[in-house]
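So the chains spell out like this:
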Amino acid sequence: MFPKNAWYVAATADELNAKPLGRMICGERIVFFRGLENRVAALEDFCPHRGAPLSLGFVKEGRLVCGYHGLEMGCEGKTLGMPGQRVQGFPAIRSYPVEERYGFIWVWPGEAGLADTNTIPVQDWYGNPEWAFGGGLYHINCDYRLMVDNLMDLTHETYVHANSIGQREIDETPCKTAVDGDRVVTSRFMSSVEPPPFWQLALRGNHLADDVLVDRWQVCRFSPPSNVMIEVGVAHLGHDGYNAPDEHKVSSIVTDFITPETETSIWYFWGMARKFKPDDEALTAAIREGQAKIFSEDLEMLERQQKNLTLWPQRKLLKLNIDTGGIQSRKVIDRWLVAEGQTPETNA
Amino acid sequence: MFPKNAWYVAATADELNAKPLGRMICGERIVFFRGLENRVAALEDFCPHRGAPLSLGFVKEGRLVCGYHGLEMGCEGKTLGMPGQRVQGFPAIRSYPVEERYGFIWVWPGEAGLADTNTIPVQDWYGNPEWAFGGGLYHINCDYRLMVDNLMDLTHETYVHANSIGQREIDETPCKTAVDGDRVVTSRFMSSVEPPPFWQLALRGNHLADDVLVDRWQVCRFSPPSNVMIEVGVAHLGHDGYNAPDEHKVSSIVTDFITPETETSIWYFWGMARKFKPDDEALTAAIREGQAKIFSEDLEMLERQQKNLTLWPQRKLLKLNIDTGGIQSRKVIDRWLVAEGQTPETNA
Amino acid sequence: MFPKNAWYVAATADELNAKPLGRMICGERIVFFRGLENRVAALEDFCPHRGAPLSLGFVKEGRLVCGYHGLEMGCEGKTLGMPGQRVQGFPAIRSYPVEERYGFIWVWPGEAGLADTNTIPVQDWYGNPEWAFGGGLYHINCDYRLMVDNLMDLTHETYVHANSIGQREIDETPCKTAVDGDRVVTSRFMSSVEPPPFWQLALRGNHLADDVLVDRWQVCRFSPPSNVMIEVGVAHLGHDGYNAPDEHKVSSIVTDFITPETETSIWYFWGMARKFKPDDEALTAAIREGQAKIFSEDLEMLERQQKNLTLWPQRKLLKLNIDTGGIQSRKVIDRWLVAEGQTPETNA
């Protein structure tokens, strides 16, 4: 159960090259391809002729050619031709609003008339030479909301990521959640802690001492349908923490775009945008590798959690203070579902 | 949904040796074995004693012995003995009409009383020293009719088999379909074309120039329940094409026996009988290898097409001129289904 | 369909070390762990906080700590703490009666109030220095009663285990079945036979001639819910067979604890306790390896038998003399099912 009238990340821009890409988004089987001038198009992945997946075809002169019998499909879903056949009367197949922006392909799986590209979440850092970005994609068999919960409550770092970003002080420092319309922010500020291994790596990457006490912060920002941007960082003690000048801290934005594939599976686009040493590609690679490992630690937990919830569908989960961020985020999602005429489940 | 009162190829003759063979045919789990004098028998693959699959057993003195407790089964499905036990009263299990002919094991999964071995489709080339044959077996997860469609419309060669037998002129040359009772014939004759790589191989194999223009033909002959024999060949230009004398052409019959395993999976027995250089075993192997590669290119397309049709069951497919052969073949199948009391699906 | 008010082997004692173990028993997803002083506990494998499997966590000071957010669970299913959170009001999760005995972890998946550790089947040989034991665990996709049938009718040895313990005389020698309350005993005594390969190995292991005629016995003892202990052995001819003094025979108890995982899958704990050369560890290993190979031969047969029974649910199986042991055992199981308010299937 997911909002369909929303922009979701369908792919990274570099996943979509000369060949079409088939991917299920929110239960819709969609083919993405680049038409004339590399403009992205998104259509039902179903050739109107005999039902072959168009994603097995190829692109020729801006048209998507079916790989079975050569039907040529335009970017809006109209059949434009087929060698030796009359196809003018073919009904169009469904096309989806789609936009390439911020290094991603965004798709709107719901009612096309409601799509407004102005509502794609702005990524300030993108294209700014002071910033660098690295990221990746995981496929995970869980409800997308379990991943929202995961990211809006970082106490799990102490347990799931004990050897990289977890530390005792996360458990010990209460977090604060604020709701502003459809936005939910959960913040935690830790004072005078030892930087855990991942942050030691980042400090060294920015040529800062990694064996001194730091202030550390985590500001998780949820926006619907299922985006979580997390400001994270550490600053050498005595420089005003979160507000420290750049030369005393390392700070990043963890970007999480969570796209439902089905009710119980997701495409998880994770990444980290950082505002230090943006030209250091080895550092980008090292951070990306570290983050890939950390996020892979969540996979088994989330998939096994999903299996448990599927097995015990009637069980009510319990809600603690630390869950407030996830709970408030789910309330926003529920409002979006209701606005679309869907009836949210009562149990979460 | 398939006719059950029909002969289907269950196996190649050499698949069935001293060991029994278990295979599902038209939804029936069947064990095939060779009894006395190598005569083939076909029974339910279910030991009446405790339900073990008889195909895990062995053959001894013409009887199929269950590999679990030694029950001995006769070729007609009667229990003939069991060490130390009284089994005379055991009810017989089902036996199926079965016949070894033309290098294949044919089985009749429907009403036994209606089976007439005279209706097994004659294979003229078989046993004729002027002909050679090579073939193979693929298991494909698709409705058997998708394979009939595939073979009765060869325009797909241009796209799916672009590097072997496909060529632009297939698209450009209209085909003609004729129906004669239960038989459907779709023909395409191309004049003055370059032979594509597979036919160059065949020309060389017959010691003919492969770098000259040829006439090329494809005559697809459907007969129910799901057999498609395709006369294919090329002749050097100026020798009357299809009717050219043997020394100026290479011609073959592509044999396709399509046996439903379930509603959405098939055993696909493909092969090629050729009337040139029959004793050249290296040529037989080279042609077989080429054909195996070509036919393997259809697998992904057919399986993905099936998945799409399963996902969108309500979608009507569209029918073009090129689909006439498949459509007419499906009409024949539908008549057979009605004759058996089945109700064909309206959508194809 | 299995009795739930019964002790089942859930694991071998050495499977459960410092880490918790998740395993489904009789349809219940259970986490096993060792609390203070290594005492075993068994709980629902479901964290009451967010539904994560507790088996992904770890044990700390006798508590099971959830690996997701650190909830601490006591051995009785009560939440005892969580860093920084108030969890006193959490409802308890289900705990299961559990007992470590005879080298196994026994669990009672039914009504806890009915569990009495005195009903765990006594293993006389355990802890006795005159005996040695080796065993293993197989997961098999079949109804647990198919394995009971298998073990209560050893005529299958002639077919399934032809190269190790099977021999013609098993088929030829009738067995005798006796029922005493809930216990079923099927016996077969063979006189003056050649020892098959496995028994030759055992004879040599006990420094006895392996090329002479022997008396051989098999006494299969079923007790509910699904335990089968089989006295097996061979004695040199002329020493009174089963009653021969130890120096003229090799004798063992095959131990079979069959634990349903689901309706159609089992955890099969097999082993062999022997009363000769108990200190010869190489012999223990050789016997264990031989038995592992023998029992693995049953796997395919049982899984394929299960598939057949699932495909033909309406088919009645037939009952022969050799099946009496299994049939009587199933009658006991049915009485237990009825006593729990379950309605046994009529077909077996």
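Residues numbered from 1 in each chain as written. Chains lettered and ligands numbered in written order. Predicted model: local features only at pLDDT ≥ 70, side-chain atom pairs only at ≥ 80, totals over all residues.

When you look at the overall build of chain A in this model, what are you seeing that I'm missing?
Per the secondary structure count, chain A includes six helices and 17 strands. Against the compact-globule benchmark of 20 Å for 348 residues, chain A has a radius of gyration of 22 Å, which places it among compact chains. When its C-alpha atoms are laid out on the principal axes, chain A stretches across 75 × 50 × 35 Å. Classification of the 348 residues of chain A by burial places 47% in the buried group. (Helix = DSSP H or I, 4+ residues; strand = E, 2+ residues; numbered from the N terminus. Rg over C-alpha atoms; globule rule 2.2 N^0.38 Å. Buried ≥ 20, exposed ≤ 12 C-beta atoms within 10 Å, placed from the backbone.)

Help me out: how do you make sense of the interface of chain B and chain A in this one?
Accessible area lost when the parts come together is the quantity often used to give the size of an interface. Taken residue by residue, the interface counts 22 residues in chain B and 17 residues in chain A. It is helix α5 (residues 281-311) of chain B that provides the largest number of residues to the side of chain B that touches chain A, a total of six residues. Broken down by class, the residue content of the side of chain B that touches chain A amounts to 11 nonpolar, six polar and five charged. (Contact = placed C-beta atoms within 7 Å. Nonpolar A, V, L, I, M, F, W, Y, C, P; charged D, E, K, R; others polar.)

Teacher, can you tell me more about helix α4 (residues 197-205) of chain B here?
Side chains that are three or four residues apart share a direction in an α-helix, a result of its 3.6 residues per turn. Residues and elements named next belong to chain B. Looking only at α4, the buried set comprises Phe198, Trp199, Ala202 and Leu203. Buried residues of α4, seen end-on, are gathered within an arc of 140° and therefore sit on one face of the element. Considering only its buried residues, α4 is in contact with β15 (227-236), β16 (249-262) and α5. (Arc of directions from axis to C-beta.)

It is not clear to me how the pairing of strand β2 (residues 21-25) of chain C should be interpreted in this structure. Could you clarify?
Looking along a regular strand, one sees side chains alternate from face to face of the sheet. Residue and element names in this part refer to chain C. Two strands pair when backbone bridges link them, and β2 and strand β3 (residues 28-34) are joined in this way by five bridges, in the antiparallel orientation. For glycine 22, the partnering residue across the bridge sits in β3 and is valine 31. Between β2 and the antiparallel strand that follows it, β3, lie two residues; cysteine 26 among them carries a positive phi value of about 50°. (Pairing = 2+ DSSP bridges.)

Looking at this structure, I do not really get the relation of the copies chain B and chain A. What am I missing?
Overlay of chain B on chain A (RMSD 0.1 Å): rotation 120°, translation along the axis 0.0 Å. What the superposition gives is, in effect, a three-fold axis relating one chain to the other. (Least-squares fit on C-alpha atoms with pLDDT ≥ 70 in both.)

Help me understand helix α1 (residues 144-152) of chain A, please; the structure alone is not making it clear to me.
Counted residue by residue, α1 of chain A has nine buried out of nine residues, so it is predominantly covered. Within α1 of chain A, the full set of buried residues consists of Tyr144, Arg145, Leu146, Met147, Val148, Asp149, Asn150, Leu151 and Met152 of chain A.

Got a minute to help me understand the packing of α4 of chain B against α5 of chain B in this structure?
When two helices pack together, their arrangement is captured by the angle between the axes and the distance separating the axes. Residue and element names in this part refer to chain B. Two elements in contact, α4 and α5, have axes separated by 11 Å at closest approach and are oriented at 170°. With respect to each other, α4 and α5 are oriented roughly antiparallel. Mapping the contact onto sequence places Phe198, Leu201, Ala202 and Gly205 in α4 and Leu283, Ala286, Ile287, Gly290 and Ile294 in α5. When its residues are assigned to classes, the contact of α4 with α5 shows seven nonpolar, two polar and no charged. (Axes fitted to C-alpha atoms, helices over the stretch in contact; angles between N-to-C directions. Parallel < 35°, antiparallel > 145°, perpendicular 65-115°, else oblique.)

Honestly, the interface of chain A and chain C in this entry has me stumped. Any pointers?
Taken together, the 23 residues of chain A in the interface contact 17 residues of chain C. Residue assignment for the side of chain A that touches chain C shows that the elements contributing at least two residues are α2 (157-160), α3 (168-172) and α5 (281-311) of chain A. Among the elements that line the side of chain A that touches chain C, the one with the most residues is α5 of chain A, at seven residues. Residue composition of the side of chain A that touches chain C, grouped by class: 11 nonpolar, six polar and six charged.

Mind showing me how you'd approach the sheet that holds strand β8 (residues 79-81) of chain A here?
Backbone hydrogen bonds hold the strands of a sheet together, and the pairing may be parallel or antiparallel. Residues and elements named next belong to chain A. As summarised here, the arrangement of the four strands in space is β5-β6-β7-β8, forming an open sheet in which the pairing is antiparallel. Edge positions in the sheet fall to β5 (58-60) and β8, since each of these pairs with one other strand and no more. Judged from the three bridges that link them, β5 and strand β6 (residues 63-65) form a sheet pairing that is antiparallel. Considered in β6, the bridge of valine 59 is made with leucine 64.

Please explain the environment of glycine 35 of chain C as it appears in this structure.
Residues and elements named next belong to chain C. Note that glycine 35 resides in the loop between β3 and β4 (40-44). Residue glycine 35 is classed as partly exposed on the basis of its C-beta count, with 17 C-beta atoms lying within 10 Å. Residues glycine 35 and cysteine 75, spaced 40 residues apart in sequence, show a C-alpha to C-alpha distance of 6.7 Å. In this view, glycine 35 contacts Ala41, Gly62 and Cys75; residues no more than four positions away in its chain are not counted.

What exactly am I supposed to notice about the nonpolar core here?
One broad rule of soluble globular proteins: the nonpolar side chains tend to lie buried together. Judged by nonpolar contacts, the single largest core of 274 residues is most densely connected at Phe32 and Val107 of chain A, Phe32, Val107 and Met147 of chain B together with Val107 of chain C. If sequence neighbours within four positions are ignored, valine 107 of chain A has contacts with Tyr8, Ala10, Ile25, Ile30, Ala42, Tyr96 and Val98 of chain A. (Core = buried A, V, L, I, M, F, W, Y, C linked by C-beta atoms within 7 Å.)

Is there a simple way to think about the sheet that holds β16 of chain B in this case?
All names here are of chain B. The sheet built from seven strands is open, its strands ordered β11-β17-β16-β15-β14-β13-β12 with antiparallel pairing. Only two strands of the sheet have a single partner each, and these edge strands are β11 (132-140) and β12 (176-180). Strand-to-strand, the axes of this sheet are offset by a mean angle of 15°, without reference to chain direction. Of the strand pairs in this sheet, β16 and strand β17 (residues 265-274) are connected by 10 bridges, and their pairing is antiparallel. Paired with isoleucine 258 across the bridge in β17 is tyrosine 268. Contacts from α5 reach β11 and β17 within the one sheet, and its direction differs from that of β11 by about 25°.

Got a minute to help me understand the domain arrangement of chain A in this structure?
All names here are of chain A. Domains assigned within chain A are domain 1 (8-114) and domain 2 (124-339). Relative placement of domain 1 and domain 2: their C-alpha centres are 34 Å apart. Contact with domain 1, which involves 10 residues of that partner, is made by nine residues of domain 2. Secondary structure elements with two or more residues in the side of domain 1 that touches domain 2: β1 (8-12) and β2 (21-25). Counting residues per element, the side of domain 1 that touches domain 2 draws most heavily on β1, at four residues. (Domains from an automatic or database assignment.)

Where do I start with the confidence of the model for chain A in this structure?
Regions with low pLDDT should not have their predicted coordinates read in detail. On average, chain A scores 95 in pLDDT, and the residues at 70 or more come to 99%. Across the predicted assembly, pTM comes out at 0.93 and ipTM at 0.92. (pLDDT = per-residue confidence, 0-100.)

What's the story with the environment of lysine 60 of chain C in this structure? I'm lost.
Residue position: lysine 60 of chain C is located in strand β5 (residues 58-60). As for lysine 60 of chain C and leucine 237 of chain C, which are separated by 177 residues in sequence, their C-alpha atoms are 59 Å apart.

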